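Structural characterization, general
What follows is the residue order along each chain.
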Amino acid sequence: MTNTARIRRWPRRCLMGFLGVILLLALALGFVQTPPGKAALTGVLSRIVSANTDYHLEIGAITGFLPGPLRIGEIRLTDALGDFVTARGLEVHLSLPSLLRGRVQLHHVTADRLEIWHRPIPKERKWRVPKVPELPLWPGIEALRIERLYLGDAVLGREAELTVTGRITPVRGAALPETVLDIEGVGFENTRISLSYTLADRVPQLLLTVHDESLLPDLLEPAPPVTVHVEGRGPRADWRGEALATSGAGTLLEGKAHFMENEDTALQGDLSLHPTRLPLLQGYAPTLGDVLKLEAGAVLDA
């Protein structure tokens, strides 16, 4: 066989190999579209959650076909106490080109109702600084909407319903994705929460604002409205934040914090608290005074 004949065969072989890969992807995609394929996929997800967490995941029937929206009737996450989180009427629109490139990008995710029944069960372990899960790349959601987020009375001490909208944008090389969430109360007036986590020149920035005339006043009993402003900037090795909370009677608390993680993990902060403006602490006001000022520093187990 001459060298010219061998050279001519290489493009043909490369083309056949490329067509073979396309055929395998098409077969895999076709299998996922079938009821057995969807059942196999949900089974794998459930086993991963059960094997790596203290929770058990159950995924209901999936309808729809890629690349169009998929609708999931119900998802249940249970723990030792029973139902922990229940999601009903989910619709997920997956970006197929992104998936073929190895990225999970969702055009939109909507849920008719998301129910959180109780707080996570605390674990008996030495307190540690929280670590962000190490994922190669977080899934992105261009448009997120939860029509009803239900919080059971075991979560906050009273039942509450909220509406959640937002987006999640992964950033390659960043520990957390950029996240913007807007939350509004349903059935109780003037409760608005805004959360923003962004990266400016690769530097994390956090902003949380709360305006509430019903939920927090019912729980903590300060004079409405209650407002909260939390702002932070910097990486984990050198993070600085400020917080201010007010009520209709004036400032409730204000403070600053500095978090540093190098060979040792250290936390420094100062806090001013007004006990007379919080009914829960008014009984201690004669001892604590009108303003309680605290300064603290600690070395934590990283």
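What you see is a predicted model, and the numbers here were worked out from it, not measured in a lab.

Next up on the list: a nonpolar patch on the surface. Judged by side-chain polarity, Val-44, Leu-45 and Ile-48 come together as a nonpolar surface patch covering roughly 230 Å² of accessible area. Position of Leu-45 among the secondary structure elements: in helix α2 (residues 35-52).

Further remarks concern the packing of aromatic side chains. Following the criterion strictly, the structure yields two aromatic pairs and no others. Centroid distance Tyr-55 to Phe-84: 5.2 Å. Interplanar angle 15°. Geometry classified as stacked. Of this pair, Tyr-55 sits in the loop between α2 and β1 (56-59) while Phe-84 sits in strand β4 (residues 82-94), and the two are 29 residues apart along the sequence. The exposure class assigned to Tyr-55 is partly exposed, which follows from its relative accessible area of 24%. Taking the relative accessible area as the measure of exposure, Phe-84 reaches 10% and is therefore buried.

Relative to the helices and strands, Pro-177 is located in the loop between β7 (160-169) and β8 (178-186). Residues Pro-177 and Gly-140, 37 residues apart in the sequence, show an inter-C-alpha distance of 7.9 Å. If near-sequence neighbours (up to four positions away) are discounted, Pro-177 is found in contact with Trp-138, Ile-168, Thr-169, Pro-170 and Tyr-197.

Definitions and cut-offs
Numbering of residues begins from 1 in every chain and follows the order in which that chain's sequence is written. In keeping with the model being predicted, local features are shown solely for residues with a pLDDT of at least 70 and side-chain atom pairs are shown and tallied solely at 80 or more, while totals for entire chains, interfaces and linings include all residues. Note that water and hydrogens are dropped before the side-chain values are worked out from all heavy atoms of the structure. Put simply, a patch holds well-exposed residues, over 30% relative accessible area, that have no salt bridge, with like charges counted together within 9 Å and Val, Leu, Ile, Met, Phe, Trp or Tyr side chains within 5 Å. Working definition of accessibility: Shrake-Rupley area with a 1.4 Å probe, residue cover restricted to the visible protein chains. Every case where a carboxyl oxygen of Asp or Glu lies within 4 Å of a side-chain nitrogen of Lys or Arg is listed as a salt bridge. Where helices and strands are cited, they refer to DSSP runs of H or I of at least four residues and of E of at least two residues respectively, numbered from the N terminus. Within 6.5 Å between ring centres, the rings of Phe, Tyr and Trp (the latter by its six-membered ring) count as paired, and their orientation is classed by plane angle as stacked under 30 degrees, edge-to-face over 60, tilted in between. The rule is simple: take the accessible area with a 1.4 Å probe, protein chains only, and divide by the maximum for that residue type; under 20% is buried, over 50% is exposed, in between is partly exposed. For this analysis, residues touch if any pair of their heavy atoms sits within 4.5 Å.

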